[in-house]
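Working through the structure, step by step
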Amino acid sequence: MGPDGKKLLNIIILGFGFMFMFTAFQTCGNIEQTVIKSFNSTEFHGSGYTSMAIIYGVFSASNLIAPSVVTVIGPQVSMFLSGILYSAYIAMFIQPFTWSFYTASVLVGIAAAVLWTAQGNVLAINSSDSTIGRNSGIFWSLLQFRTVFISLTVISLVGCFLFFLIRKPEPESSSRSEVTESLLQDESLNAGKISVTREMLLLSVSIGYTGLELTFYSGVYGTCIGAMTRFGSDAKSLIGISGICIGVGEILGGGVFGLLNKNNRFGRNPVVLLGLITHFVAFFLIFLNIASDAPLAPEGGTDLKAFITPSVGVALLCSFLLGLGDSCFNTQLLSIIGFTFRDDSAPAFAVFKFIQSIMAAVAFFYSNYLLLHWQLLILVIAGFMGSVSFFAADWVAESRKRDSDYDSI
């Protein structure tokens, strides 16, 4: 197997590892608030939204130290140990206690920062300027392949062990080898420098939007569907089906947009624009179909309706559109960050996850208090601003590339 084949195999293994882990964790997140409501009738007292807010808040802060951790113990061991903590968090739902529930949330937040920083490093090392878009699409589509907490724990552990199959690619040249060896040096300092570059400042608005909509599709929307008593007695069972529809949208988007990036004929901006339109359609249909008090409804659900007769088909269509739009944004963000900050991939992806996770934490916090229509309004405004800022960042990145190519002639 040649160097390119080995790198592609590494990306596929990376994608499958994350697929197994986040099949478990995202399914857990989708049903967490609903499950926690049932536990609250016993000695246990907690909030799924609060737990996720803690996870993403700690995640954000831990990105400051994550590059240094990856430097010391290496990306493979970093991902493996982080995956163990994810698995422990999922296993805790077998018999939760209030103190352990929130303690585990803190530990998973730390693990998430290390895991995603290591992932960005592996993705960048195994990609070139011509393959970063394709590899981002492959990774994202495999990640989104998404039922009982014991089974989820086993699946997550399988993902942990897959990380040890990733091989170190052969260096293309001595200069590239030197870049690779120095990639993880002074990461915290580099992260600070990267965070104030023009490209990252522009991208931060787009990244922040992905954090907000991550909270919505992974935690809030499933809870809303399960709370709609007008969907019938099986409304809570629709949460899992909604997660499947989100996953189908993610997989389709990741695969298609990965191929588009491989050909590099259309650029990143049309894909982001498609994602924005897809999300706006989904938000409008959710506004019409789901009762405004659904995110805050008690365990018994809500009997209210929005502006149309609640439809299960429309609700699941919105789940698919949320997944498709999310893949549009994330594949292109992974692509442009890997393209723009190739020689500083670990700190760049740490900044990416720092911004995304802190906005996700904010969204999980306000999800405890805001009615659905206010949450949708926030998403619409943030989505529009994020798309415009992405267009500007992509223009800056492409302009610098053209200037660099011109100077090298």
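These numbers were taken from a predicted model, which means no experiment stands behind them. (Residues numbered from 1 in each chain as written. Predicted model: local features only at pLDDT ≥ 70, side-chain atom pairs only at ≥ 80, totals over all residues. Heavy atoms only, no water.)

Okay, the overall build of the chain next. Helices and strands together make up the secondary structure of the chain, namely 15 helices and 0 strands. A buried classification covers 57% of the 409 residues belonging to the chain. Carbon and sulfur atoms form 68% of the exposed surface of the chain, whose accessible area is close to 16,400 Å². (Helix = DSSP H or I, 4+ residues; strand = E, 2+ residues; numbered from the N terminus. Buried < 20%, exposed > 50% of the residue type's maximum accessible area, 1.4 Å probe, protein only. Areas by Shrake-Rupley, 256 points an atom, 1.4 Å probe, with all protein chains shown as cover.)

Mapped onto the fold, Ile90 is located in helix α4 (residues 75-91). It is 9.4 Å that separates the C-alpha atoms of Ile90 and Ala104, two residues lying 14 residues apart in sequence.

Moving on to the pattern of salt bridges. Under the defined criterion, the tally for this structure stands at 1 salt bridge. The salt bridge involving Asp394 is made with Arg268; its shortest N-O contact spans 2.7 Å. A residue pair is termed long-range when its members are at least 10 positions apart, and Asp394 in helix α15 (residues 372-408) and Arg268 in the loop between α11 (238-263) and α12 (269-289) qualify at 126 residues. Asp394 gets classed as buried once you look at its relative accessible area, which sits at 8%. (Salt bridge = Lys/Arg side-chain N within 4 Å of Asp/Glu carboxyl O.)

A few words now on the confidence of the model for the chain. Averaged over all residues, the pLDDT of the chain equals 79, while 75% of them reach at least 70. Segment residues 146-151: pLDDT under 50, and 14 contacts once partners within four positions in sequence are set aside and those in other chains are kept. Below a pLDDT of 50 lies the segment residues 174-181, which in the model reaches 7 contacts outside its immediate sequence neighbourhood of four places, other chains included. (pLDDT = per-residue confidence, 0-100. Contact = heavy atoms within 4.5 Å.)

This part takes up the nonpolar core. Formed by 90 residues in total, the largest nonpolar core has its most connected members in Tyr86 and Tyr89. Looking at this core, you find at least three residues from each of domain 1 (3-39 + 46-147) and domain 2 (197-399). (Core = buried A, V, L, I, M, F, W, Y, C linked by side-chain atoms within 4.5 Å. Domains from an automatic or database assignment.)

A pair of packed helices is captured by two measures, namely the crossing angle of their axes and the spacing between those axes. Here helix α3 (residues 66-73) crosses α4 at 115°, and the two axes come no closer than 7 Å. From α3, Val69, Val70 and Ile73 reach across to α4, where they touch Pro75, Val77, Ser78 and Leu81. (Axes fitted to C-alpha atoms, helices over the stretch in contact; angles between N-to-C directions.)

Listing the buried residues of α3 in full gives Ala66, Pro67 and Val70. Seen end-on, α3 carries its buried residues on one side only, within an arc spanning 105°. Trailing α3 by a residue or two, Gly74 shows a phi angle of about 90°, which is positive. (Arc of directions from axis to C-beta.)

Positionally, Ser78 belongs in helix α4. In this structure the side chain of Ser78 is engaged in a polar contact, spanning 2.6 Å, whose partner is the backbone oxygen of Gly74. For Ser78, the residues in contact, after removing those within four places along its chain, are Val69, Val70, Ile73, Val114 and Ala118. (Polar contact = N/O pair within 3.5 Å; in protein donor to acceptor, adjacent residues only side chain to side chain.)

Attention now moves to helix α2 (residues 48-62). Counted at 1.5 Å a residue, the expected span for α2 with its 15 residues is 21 Å, and the 21 Å between its end C-alpha atoms agrees. By the burial criterion, the buried members of α2 are Gly48, Tyr49, Ser51, Met52, Ala53, Ile55, Tyr56, Val58, Phe59, Ser60 and Ser62. (Expected span 1.5 Å × (residues − 1).)

Turning to the packing of aromatic side chains, a few remarks are in order. Tallied over the entire structure, the rule returns 8 aromatic pairs. One aromatic cluster is present, built from ring pairs that chain together Tyr56, Phe59 and Phe364. Here Arg268 stacks its cationic end above the ring of Phe339, 4.9 Å away from the centre of that ring. Lying over the aromatic face of Trp116, Lys353 brings its terminal NZ or CZ to 4.0 Å of the ring centre. (Phe/Tyr/Trp six-rings, centres within 6.5 Å; stacked < 30°, edge-to-face > 60°. Lys NZ or Arg CZ within 6 Å of the ring centre and 35° of its normal.)

So, on to the environment of Phe329. On the secondary structure map, Phe329 appears in helix α13 (residues 312-340). The residues contacting Phe329, other than those within four sequence positions of it, are Tyr209, Thr210, Val272, Gly275, Leu276, His279 and Ser387.

The subject of this paragraph is a nonpolar patch on the surface. Together, Val205, Trp374, Leu377, Ile381, Phe384, Met385 and Val388 make up a nonpolar patch on the protein surface, roughly 660 Å² of accessible area in all. If one sorts the elements of the nonpolar patch by residue count, α15 sits on top with 6 residues. (Patch = residues over 30% accessible without salt bridge, like charges linked within 9 Å, V, L, I, M, F, W, Y side chains within 5 Å.)

Within the secondary structure layout, Asn63 lies in the loop between α2 and α3. Excluding anything up to four places from it in sequence, Asn63 contacts Ala113, Thr117, Ala350, Lys353, Phe354 and Ser357.

Another aspect to go through is the environment of Thr331. Mapped onto the elements of the fold, Thr331 is located in helix α13. In the structure, Thr331 is positioned 59 residues away from Val272 in sequence and 9.2 Å away in space, judged by C-alpha atoms. For Thr331, the side chain forms a polar contact with the main-chain oxygen of Ser327, separated by 2.7 Å. For Thr331, the side chain forms a polar contact with the main-chain oxygen of Cys328, separated by 3.3 Å.

What follows concerns the packing of α2 against helix α14 (residues 345-366). For the pair α2 and α14, the least separation of the axes is 7 Å and the interaxial angle reads 155°. As far as their axial angle goes, α14 and α2 are roughly antiparallel. Here the hand of the crossing between α2 and α14 comes out left-handed. Of the residues in α14, those touching α2 at Tyr49, Met52, Ala53, Tyr56, Gly57, Phe59, Ser60 and Ala61 are Lys353, Phe354, Ser357, Ile358, Ala360, Ala361, Phe364 and Phe365. Taken together, the residues that form the contact of α2 with α14 break down as 12 nonpolar, 3 polar and 1 charged. (Parallel < 35°, antiparallel > 145°, perpendicular 65-115°, else oblique. Left-handed = near helix turned anticlockwise from the far one by under 90°. Nonpolar A, V, L, I, M, F, W, Y, C, P; charged D, E, K, R; others polar.)

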